[in-house]
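Analysis of the macromolecular model
Residues per chain, in single letters:
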Amino acid sequence: MKNDTYNNGDKLLRVLVVTLIFSVMNGTMFNVALPAIGKEFELLPSEVSWIMTSYMALYAIGSVVFGKLADSYSLKGLITYGLLLFAVGSVVGMLAVDFWMIILGRVLQAAGAAVLPAIAMIIPIRYFEPERRGRALGTSAIGLALGGALGPIVSGMIMSFGSWRILFLFSLLPLLTIPFFRRYLNDERGTAKPLDVIGGGFLAAAVGLFLLAITQSSWAAAVIGGLFLLMFAIRIRKAVHPFIQPELFMSARYTGALVIAFISTSMNFSITFITPQYLTALNNLSAGSIGFVLVPAAIAAATLGRVGGKLADERGNSTLFSIAAALLVLCFILTSTFVGISPYVIALLLIMGQVGQTFMQIAMSNTISRTLSKEQVGVGMGLFSMLNFISGAMAMSIIGKVLDQSATWRLNPLTGNESAYVYSNIFFIMTALSILVWGLYQMQFGPKTDRRPFRNT
């Protein structure tokens, strides 16, 4: 039975990569459509932003919920349910005649799509031998990289030739992958445990309110979110079957890895968010042209994802993380110095940044999986996915606020373009953060600890 499971691993990965591409694209391509939707329904920017805010909140919580359910139910059933719910949301959004229907469609999409980040972490762990998991995680990164790059291009093409409704129609394509998932996934499931609905509700409320506070700059939402988070912390200590086992946070290695992943993922989202901003402001590029500037980096990351996974398996996660950090430092410091230069040069610099982020994601996913016992893998990796998404939302919100202000001072003395100071400063800070996360990683997961036995085997 175990050999059959491992034999299906490669087939599953191919299907997973295709599905991840559509999932990631769905999360990014609606950014391009926001102005058109706002104009059609006569909405303020703060109102139309709920198209993204609602998706982020449900997607973040859903990744934890599905990770929890994966400890008790079969992945085959979860992926089928998730993709069908995602399709229902797509149909509701496509047929929307009022704005609330669009929001409902996005909420249903997020609730279903959240199964994908959870199983993307679990499949490499369940369906691959420990010595091959790095390669498997590297393959999963291909879908993430391609989806992120293709989102703006596909959205721009659709918006050029049709209505934003076609974006929802396009989102129905993942339905085609359900038969393949059902064929290659086995029926293995854990022992069903009671689901702590109250604890999950507290966590959902806290995350939703924190994201609301970020996107709407609401201190009241942040305070109320903090209260819900406190109630969640109390709940998981008192409940017989808590939503998240508090013992999970007793591991210093797991908690430390989450902190490092939180910072590193925020930089990944920062690149994605800020690049279109400065290419528009400083290089006067159209949305379509910006998409093509991003393509070489996505192709490079997709091509080298398996190479990164192989490096992790053969040389250790510490080595891969160091390579990733070096690539990021080069990308950020050079961009900080030459931001506003030819888009062709920027495209080359982005290759280093995207490959660096892909390698770092592989190293962190592999590292965190080593800190978890087999019983904790589902919820532990689900929590990891949720925090990644929240860190991205926070990073984009902070950078958006910074870009509202015009900087007359510079952190990088080599920057010569005065109109680019604000962008240069952001990349200079990201350079320092890359060095910081490298140091933190080496202290806790350096070469001396990199070869510790897997806990979840």
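- You'll find the chain entered in an unreviewed UniProt entry as Major facilitator family transporter, with Paenibacillus vortex V453 given as the organism.
- In its Subcellular location (unreviewed entry) section, the UniProt record describing the chain reads: "Cell membrane".

1. Some thoughts on the overall build of the chain
- Secondary structure summary: the chain contains 20 helices and zero strands in total.
- Per-residue burial over the chain gives 55% buried out of 457 residues.
- Taking all contacts inside the chain whose residues are at least 6 apart in sequence as the whole, residues at least 24 apart take part in 82%.
- For the chain, the exposed area adds up to about 19400 Å²; of that, 68% sits on carbon and sulfur atoms.

2. Thoughts on helix 14 (residues 252-281)
- Between the first and last C-alpha of helix 14 there are 43 Å, a value that for 30 residues agrees with the 44 Å anticipated at 1.5 Å per step.
- The sharpest bend along helix 14 comes to roughly 30 degrees, located at Ile-274, with the proline Pro-276 sitting one to four residues further on.

3. Describing the packing of aromatic side chains
- Scanning the entire structure with this criterion turns up 12 aromatic pairs.
- When the ring of Phe-22 is compared with that of Phe-170, the centres are 5.6 Å apart and the planes differ by 50 degrees; the resulting orientation is tilted. Within this pair, whereas Phe-22 is found in helix 2 (residues 9-28), its partner Phe-170 is found in helix 10 (residues 165-170), the two being separated by 148 residues in sequence.
- On the basis of an interplanar angle of 75 degrees and a centroid distance of 6.2 Å, the ring pair of Trp-164 and Phe-168 is categorised as edge-to-face.
- You can call Trp-164 buried: its relative accessible area is 3%.
- Members of the aromatic cluster, joined through ring pairs, are Phe-41, Phe-99, Trp-164 and Phe-168.

4. Observations concerning unusual backbone geometry
- Positive phi is not limited to glycine here, since Asn-284 has a value of about 55 degrees.
- With respect to the helices and strands, Asn-284 occurs in the loop between helix 14 and helix 15 (287-315).

5. Topic: the nonpolar core
- Core analysis: the largest hydrophobic core is formed by 79 residues, its most contacted members being Tyr-278, Met-364 and Ile-368.
- Looking at this core element by element, the count peaks at 12 residues for helix 17 (residues 343-370).
- Non-local contacts of Ile-368, meaning those with residues more than four positions away in its chain, are made with Tyr-254, Ala-257, Leu-258, Ala-261, Met-381 and Phe-384.
- Leu-20, Leu-78, Ile-122 and Leu-185 belong to the second largest nonpolar core, which has 27 residues in total.

6. Details of the pattern of salt bridges
- Taken as a whole, this structure holds two salt bridges when the rule is applied.
- A salt bridge links Glu-40 to Arg-165; its shortest N-O distance comes to 3.5 Å. Of the two residues, Glu-40 sits in helix 3 (residues 30-40) while Arg-165 sits in helix 10, which places them 125 residues apart along the sequence.
- A relative accessible area of 43% means that Glu-40 is categorised as partly exposed.
- The partly exposed category is assigned to Arg-165, whose relative accessible area is 24%.

7. A closer look at the packing of helix 6 (residues 75-94) against helix 7 (residues 99-113)
- It is the contact of helix 6 with helix 7, at a shortest axis distance of 7 Å, that shows an interaxial angle of 165 degrees. On the basis of the axis angle, helix 6 is roughly antiparallel to helix 7. In the crossing of helix 6 with helix 7, the sense of the turn from one axis to the other is left-handed. In contact with Gly-82, Leu-85, Phe-86, Val-88, Gly-89, Ser-90, Val-92 and Gly-93 of helix 6, helix 7 contributes Met-101, Leu-104, Gly-105, Leu-108, Gln-109, Ala-111, Gly-112 and Ala-113.
- Its residues assigned to classes, the contact of helix 6 with helix 7 comprises nine nonpolar, seven polar and no charged.

8. Side note on a nonpolar patch on the surface
- A surface patch of nonpolar side chains, amounting to about 220 Å² of accessible area, comprises Phe-338, Ile-341 and Val-345.
- Relative to the elements of secondary structure, Ile-341 occurs in the loop between helix 16 (317-338) and helix 17.
- Here Ile-341 falls in the partly exposed class, since its relative accessible area comes to 33%.

Cut-off values and rules
Residues numbered from 1 in each chain as written. Predicted model: local features only at pLDDT ≥ 70, side-chain atom pairs only at ≥ 80, totals over all residues. Heavy atoms only, no water. UniProt positions renumbered as here; feature names shortened; annotations may be inferred. Helix = DSSP H or I, 4+ residues; strand = E, 2+ residues; numbered from the N terminus. Buried < 20%, exposed > 50% of the residue type's maximum accessible area, 1.4 Å probe, protein only. Contact = heavy atoms within 4.5 Å. Areas by Shrake-Rupley, 256 points an atom, 1.4 Å probe, with all protein chains shown as cover. Expected span 1.5 Å × (residues − 1). Bend = angle between axes of the 7 residues up to and from the residue. Phe/Tyr/Trp six-rings, centres within 6.5 Å; stacked < 30°, edge-to-face > 60°. Core = buried A, V, L, I, M, F, W, Y, C linked by side-chain atoms within 4.5 Å. Salt bridge = Lys/Arg side-chain N within 4 Å of Asp/Glu carboxyl O. Axes fitted to C-alpha atoms, helices over the stretch in contact; angles between N-to-C directions. Parallel < 35°, antiparallel > 145°, perpendicular 65-115°, else oblique. Left-handed = near helix turned anticlockwise from the far one by under 90°. Nonpolar A, V, L, I, M, F, W, Y, C, P; charged D, E, K, R; others polar. Patch = residues over 30% accessible without salt bridge, like charges linked within 9 Å, V, L, I, M, F, W, Y side chains within 5 Å.

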